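# Observations on chain architecture
Chain residues, written in single-letter form:
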Amino acid sequence: MSESGKLTPGSSFAQLIDHTLLRPEATWADISRHCNEAITHGFYAVCVNSFWIPNCHELLAGKNVKICATVGFPLGASSTSVKSFEAAWCRDIGADEIDMVINIGAIKSRQTKAVEEDILHVVAASTPAKVKVILETSLLTDLEKKLACEIAKGAGAAFVKTSTGFLGTGASEEDVKLMRSVVGHELGVKASGGIHDLKTLQRMVSAGASRIGTSSGVAIVTGKRVTKGEY
């Protein structure tokens, strides 16, 4: 599948998945097992908290698995300078993509310039790593979601993303459709939070998602039951 959301010949569901492990209590044993699962099943990327990026970079060297780091996670309320520093650090130590949380309070306050500057600076600090902007859709109105997508697109983000998986509810087909309608096929749309089986993944893809964030990747591609409470 292309980043624009169009299916391409030979694409597989595994290659849509950012294999995600963001639990604060995750140990290095958990993270290393997670990376090895990504190698085994051919997932597109692993998505982890920034602390683990150096370890993942070492373990995944020479493997066909990207590394995605979270920035300003999960609240999005850090200052722009802190987010930018974290993004640059992650890029320098091996991250291929940066998933940043939008300033939720600022978007709800219609402080659009502050939101734009936040994303612009993180995009600049992350280059050449791609930036995904997490909207936390369950906390926004449809108007705020549209506004956030427009700002992210104008600020140079590569993706808009539904959720952190930590606040409110996760991805919905309606939100994915709305986000795709705003960004068109110029940006990717990542659906994340609450995607635990293949049918849900397929619905998100049909709605317009070009990437899936889930900790249930192994269950999705093998058909095994997922553990309750996973991302």
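Our subject is the structure that appears above.
Overview of the structure. (Residues numbered from 1 in each chain as written. Predicted model: local features only at pLDDT ≥ 70, side-chain atom pairs only at ≥ 80, totals over all residues. Heavy atoms only, no water.)

### Quick word on the pattern of salt bridges
In the structure shown here, the tally under the stated rule is 20 salt bridges. Of the charged contacts, one joins Arg-211 and Glu-97 as a salt bridge, the two residues approaching to 2.9 Å between their closest N and O atoms. One end of the pair, Arg-211, is in strand S8 (residues 211–214); the other, Glu-97, is in strand S4 (residues 97–101), with 114 residues separating them in the sequence. Neither residue differs from the other here; Arg-211 and Glu-97 are each classed as buried. (Salt bridge = Lys/Arg side-chain N within 4 Å of Asp/Glu carboxyl O. Helix = DSSP H or I, 4+ residues; strand = E, 2+ residues; numbered from the N terminus. Buried < 20%, exposed > 50% of the residue type's maximum accessible area, 1.4 Å probe, protein only.)

### A few points about the nonpolar core
Soluble globular proteins tend to pack their nonpolar side chains together in the buried interior. Among the nonpolar cores identified, the biggest contains 66 residues, and Ile-98, Ile-119 and Val-133 are the most heavily contacted of them. With five residues, the single largest contributor to this core is helix H5 (residues 112–126). With residues up to four places along the chain from it excluded, the contact list for Ile-119 reads Met-100, Ile-102, Val-133, Ile-151, Ala-152 and Ala-155. (Core = buried A, V, L, I, M, F, W, Y, C linked by side-chain atoms within 4.5 Å. Contact = heavy atoms within 4.5 Å.)

### Topic: the environment of Lys-66
Position of Lys-66 relative to the elements: it lies in strand S3 (residues 66–71). Residues Lys-66 and His-41, 25 residues apart in the sequence, show an inter-C-alpha distance of 13 Å. If we ignore the near neighbours within four places in the chain, the residues touching Lys-66 are Tyr-44, Ala-45, Val-46 and Asp-96.

### Brief notes about the pairing of strand S2 (residues 45–48)
On S2, burial covers both faces: Ala-45 and Cys-47 on one face and Val-46 and Val-48 on the other are all buried. The sheet contact formed by strand S1 (residues 17–21) and S2 spans four bridges and is parallel. Bridge pairing in S2 places His-19 opposite Val-46. Between the parallel pair S1 and S2, the chain is carried across by helix H1 (residues 28–41), and the sense of this crossover is right-handed. (Pairing = 2+ DSSP bridges. Right-handed = clockwise from strand over helix to strand, strands pointing away.)

### Thoughts on unusual backbone geometry
Omega for the bond connecting Phe-73 with Pro-74 falls within 30 degrees of zero, at 0 degrees, which places this linkage in the cis form. Structurally, Pro-74 is set in the loop between S3 and helix H3 (80–92). Between Thr-127 and the following residue, Pro-128, the backbone shows a cis peptide bond with an omega angle of 10 degrees. Despite not being glycine, Arg-110 has its phi angle at roughly 60 degrees, a positive value. For Arg-110, a relative accessible area of 39% puts it in the partly exposed group.

### Comments concerning the packing of aromatic side chains
Enumeration over the complete set of coordinates arrives at three aromatic pairs. Judged by centre distance (5.9 Å) and plane angle (20 degrees), the rings of Trp-28 and Trp-52 are stacked. Residue Trp-28 is found in helix H1, and its partner Trp-52 is found in the loop between S2 and helix H2 (53–59); the two are separated by 24 residues along the sequence. Here Trp-28 falls in the partly exposed class, since its relative accessible area comes to 32%. Ring centres 5.4 Å apart and planes at 85 degrees place the aromatic pair Phe-73 and Phe-166 in the edge-to-face group. Here Phe-73 is found in the loop between S3 and H3, whereas its partner Phe-166 is found in the loop between strand S6 (159–161) and helix H7 (173–183), with 93 residues between them in sequence. The aromatic ring of Phe-159 is capped on one face by Lys-132, whose charged end is 5.7 Å from the ring centroid. (Phe/Tyr/Trp six-rings, centres within 6.5 Å; stacked < 30°, edge-to-face > 60°. Lys NZ or Arg CZ within 6 Å of the ring centre and 35° of its normal.)

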